[in-house]
Amino acid sequence: MLKIRNRRLVAETARALERLAAVEAAVSALRDDDLLDFADIFVEGDPTPLREMAEAEMRRRNLSL
């Protein structure tokens, strides 16, 4: 039973990491104006992972809101 649970957990973790990589790739693929629009959505409120991704990509491209 424990082996099955561990295998399931490993598979779920792998799928989650694949989805995260896909989201990060999608944010990186945005054109500058689309990235700025995307970042503008998350500028208010508490920090979120999407906001952090957008800000990191903006820093990499030397963009600001």
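Quick summary incoming for the structure in this document. Computed from a predicted structure; not experimentally measured.

## Observations regarding the side chain of Glu57
Phase 1 of the analysis: As for its position among the elements, Glu57 is in helix 3 (residues 49-61).
Phase 2 of the analysis: What makes Glu57 buried here is its relative accessible area of 6%.
Phase 3 of the analysis: Setting aside its immediate chain neighbours within four residues, Glu57 contacts Val27, Ser28 and Leu35.

## What about the pattern of salt bridges?
Phase 1 of the analysis: Across all of its chains, the model carries 6 salt bridges by this definition.
Phase 2 of the analysis: One salt bridge connects Arg61 with Glu57, and the closest N-O pair in it is separated by 2.8 Å. Of this pair, Arg61 and Glu57 both sit in helix 3, 4 residues apart, which is roughly one turn of the helix. When sorted by exposure, Arg61 lands in the same class as Glu57, which is buried.
Phase 3 of the analysis: One network of salt bridges, in which partners are shared, links Asp32, Glu57, Arg60 and Arg61.

## Some thoughts on the packing of aromatic side chains
Phase 1 of the analysis: One pass over the structure, following the stated rule, counts 1 aromatic pair.
Phase 2 of the analysis: Ring plane angle 65 degrees and centroid distance 5.1 Å describe the contact between Phe38 and Phe42, whose orientation is recorded as edge-to-face.

Reading the values: rules and limits
Along each chain, the written sequence defines residue order, and numbers are assigned to residues from 1. Note on the predicted model: pLDDT of at least 70 is required for a residue's local features to be given, and 80 or more for side-chain atom pairs to be given and counted; whole-chain, interface and lining totals, by contrast, use all residues. Side-chain descriptors were evaluated using all non-hydrogen atoms of the structure, hydrogens and water having been removed beforehand. Counting from the N terminus, the helices are DSSP H or I runs at least four residues long and the strands are E runs at least two residues long. Whether a residue is buried, partly exposed or exposed follows from its accessible area with a 1.4 Å probe, protein chains only, as a fraction of its type maximum: under 20%, in between, or over 50%, in that order. When checking whether two residues touch, look at their non-hydrogen atoms; a contact exists if any pair is within 4.5 Å. By definition here, a salt bridge exists when the distance from a side-chain nitrogen of Lys or Arg to a carboxyl oxygen of Asp or Glu is within 4 Å. Any two of the Phe, Tyr and Trp rings considered here, Trp counted by its six-membered ring, make a pair once their centres fall within 6.5 Å; the pair's planes then place it as stacked at under 30 degrees, edge-to-face at over 60, or tilted in between.

Interpretation in functional terms is not warranted from these geometric data alone.
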